[in-house]
Amino acid sequence: MWNATETPSDILQHSKMASPEGLEFVLPGDVIEAEDDVDLGPGLRRDPRGCVVLQPGVHRFRAPRTHWVDTHCRRYVPVRGQCVIGTVTARAGDFFRVDIGAHEPAVLSYLSFEGATKKNRPNVQVGDLVLARLLVANKDMEPELVCVNSKGRAEGLGVLAAEGALDFRVPLHVCRKVLSPLCGLLGRLGSELRFEMAVGMNGRVWARSDSLRYTAAVAAAICACEHMDEQQIAAMCRDITAAAHQNR
Amino acid sequence: MISADMKSEEGDLDEDTINNFTCELGVLSQCDGSATLCNVEVRQQRELVDRSSIEVTFRGPHGVEGVEDRRVEQLVRSTLEQCVFAALHPRTAVSVVLNVLETDDLLLLSTCVNAAVLALLDSSLSMKYLPAAVTCVPVGDRVLVNPLPSERQGSSGGSVTAVYDTGSERLVACRTAGQLSAEQLTSCLREARRAAALVRQLYRRAVAAKFSKEPRDPWAGPSRAEDMPPSWRRLGGQQTGEQSTS
């Protein structure tokens, strides 16, 4: 039962104080007053009520005028310009169908590879993993991928080798966390282990190292860092690299 | 697929919770809290070209499905259709599956709505507002909010399940059972509106726990109110102005 003398505004005040330490945690329906010329990122939308929160998370701000909400999400919504990892599911004439975990399979033209021409087709089979960039991504059309930049260079995009590699799924915020400049995970792992990896913003990660043992260590470290802060990540990296180097 | 497991159980009264249900997010590793926007193709007759279609499946505690189960599904679906931002995801489906662990006939409906909203919060699907459902029972001159079976002994059998928008305090849905006078209905709706704010506090606690390890400045930018520029202010909840910047 609840205290009948509290008014709803008192309750709201208490609930705002229950945020995680020092963070502005917001829920859908919260209204943030912002100037007219601010840039709104994911999770925010302008409404007659003002700047309305659509997704639960931490309200972030970057000077001079960018607001967004950091969410913890598993389902990927395609955004133009992001790099994603997809699985080729079908060949359909002049293009491939690639599953990137979005609402529809994406389309990848065979001419969108470095050095590809009509007579020189890329060697892509059904079941291959590709790292590609989203060229077209909106809610009304099927996503389109390319494996080249605007100058025709691959620059790391293309088919990812399957031999000796592990590809796994993590929540989307783990991808962002791992790629964040202030997260020390990749730096700590890289100083002890030799590996290569690709992180897709759709929550898929591909990693390869000298042997499957080291590859599994890298994959375990990335999966485990979801619920860890910086000190815990440092300790976890020490443990994992020590275990990986240990002779059986 | 979003799965929401609910329990209504007796326990010590906690002044901060309005009913004694426990909520767990992420119980199932494969699908709990993840809104499957239909990687499996939406069936053609259900595909909507301009918005997402919401499907609710309710599995009652009894083996054979009946009309009451469909009524629960209909209320939950109509509530979610209003609050989910379906226009952002056309030609997809949001599938919500509700499984009952322990049942209480009176509190079942409000628990279903709240559990569905919690699962949608866990999945971070875009929502316009958060609905909160509360069951009120008039007993004598008082109105009990989400009463346990032991507490509603003296009631005449009438009850009101009301769903409120916790932001604007508008009534979203209402279902009554049994006999109620007009005054009882009005007082039940009034108490339910006040209690909906407490349900929002419950949502906040449940979901904010996921962000306890969130770094302060992942991209070296301010995230606290006192670091925000002077032009940034927050509406509502700033009664004493202690969080506003000058």
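Refer to the preceding data block for the structure.
Everything numeric in this text was worked out from a predicted model, so none of it was measured. Counting from 1, residues in each chain are numbered in the order their sequence is written. Chains and ligands are labelled sequentially in the order written, the chains with letters from A and the ligands with numbers from 1. Selection of residues for local features in this predicted model requires a pLDDT of at least 70, selection of side-chain atom pairs for listing and counting requires 80 or more, and totals for whole chains, interfaces and linings are taken over all residues. As a convention, hydrogens and water are excluded, and side-chain values are obtained from all of the structure's heavy atoms.

Chemist: Kindly report on the overall build of chain B, identifying the contributing residues and their values.
Modeler: A run of H or I in DSSP counts as a helix once it spans at least four residues, and a run of E counts as a strand once it spans at least two, with each numbered from the N terminus. Counting its secondary structure elements, chain B contains three helices and eight strands. Across chain B, helices and strands are ordered from the amino to the carboxyl terminus as β-β-α-β-α-β-β-β-β-α-β. When the 246 residues of chain B are sorted by exposure, 50% land in the buried category. Once local pairs closer than 6 in sequence are excluded, the contacts in chain B between residues at least 24 apart make up 71%. Note that accessible areas follow from Shrake-Rupley with a 1.4 Å probe, and for residues the cover is restricted to the protein chains shown. Total accessible area on chain B is roughly 11300 Å²; 48% of this is exposed by carbon and sulfur atoms. With a 1.4 Å probe rolled over the protein chains alone, any residue whose accessible area is under 20% of its type maximum counts as buried; one over 50% counts as exposed, and the rest are partly exposed. Only heavy atoms matter for contacts: two residues are in contact if any of them lie within 4.5 Å across the pair.

Chemist: How would you sum up the side chain of Glu73(B)? Please name residues and give values.
Modeler: Relative to the helices and strands, Glu73(B) is located in helix H1 (residues 67-83). The class of Glu73(B) is buried, set by a relative accessible area of 9%.

Chemist: Could you give an account of the pattern of salt bridges, with specific residues and numbers?
Modeler: By definition here, a salt bridge exists when the distance from a side-chain nitrogen of Lys or Arg to a carboxyl oxygen of Asp or Glu is within 4 Å. Under the criterion given, the structure shown has 21 salt bridges over all chains. For Asp47(A), the salt bridge goes to Arg49(A), with nearest N and O atoms at 3.0 Å. Given the relative accessible area of 42%, Arg49(A) is considered partly exposed. The salt bridge partner of Arg170(B) is Asp165(B), with a shortest N-O separation of 3.3 Å. Among the charged side chains, a network of salt bridges with common partners joins Asp37(A), Asp39(A) and Arg65(A).

Chemist: Could you give me a rundown of the pairing of strand S8 (residues 83-92) of chain A, with the residues and numbers involved?
Modeler: Residue and element names in this part refer to chain A. Relative to strand S11 (residues 129-136), S8 is paired through five bridges, and the arrangement is antiparallel. Residue pairing across strands places Thr-87 opposite Leu-129, the latter belonging to S11. Criterion used throughout: strands pair if DSSP finds at least two bridges between them. Inspection of the sheet shows S8 paired to strand S9 (residues 95-99) by five bridges, in the antiparallel sense. Counterpart to Thr-87 in the pairing with S9 is Asp-99. Two successive antiparallel strands, S8 and S9, enclose a turn made up of two residues, where Gly-93 displays a positive phi of approximately 70°.

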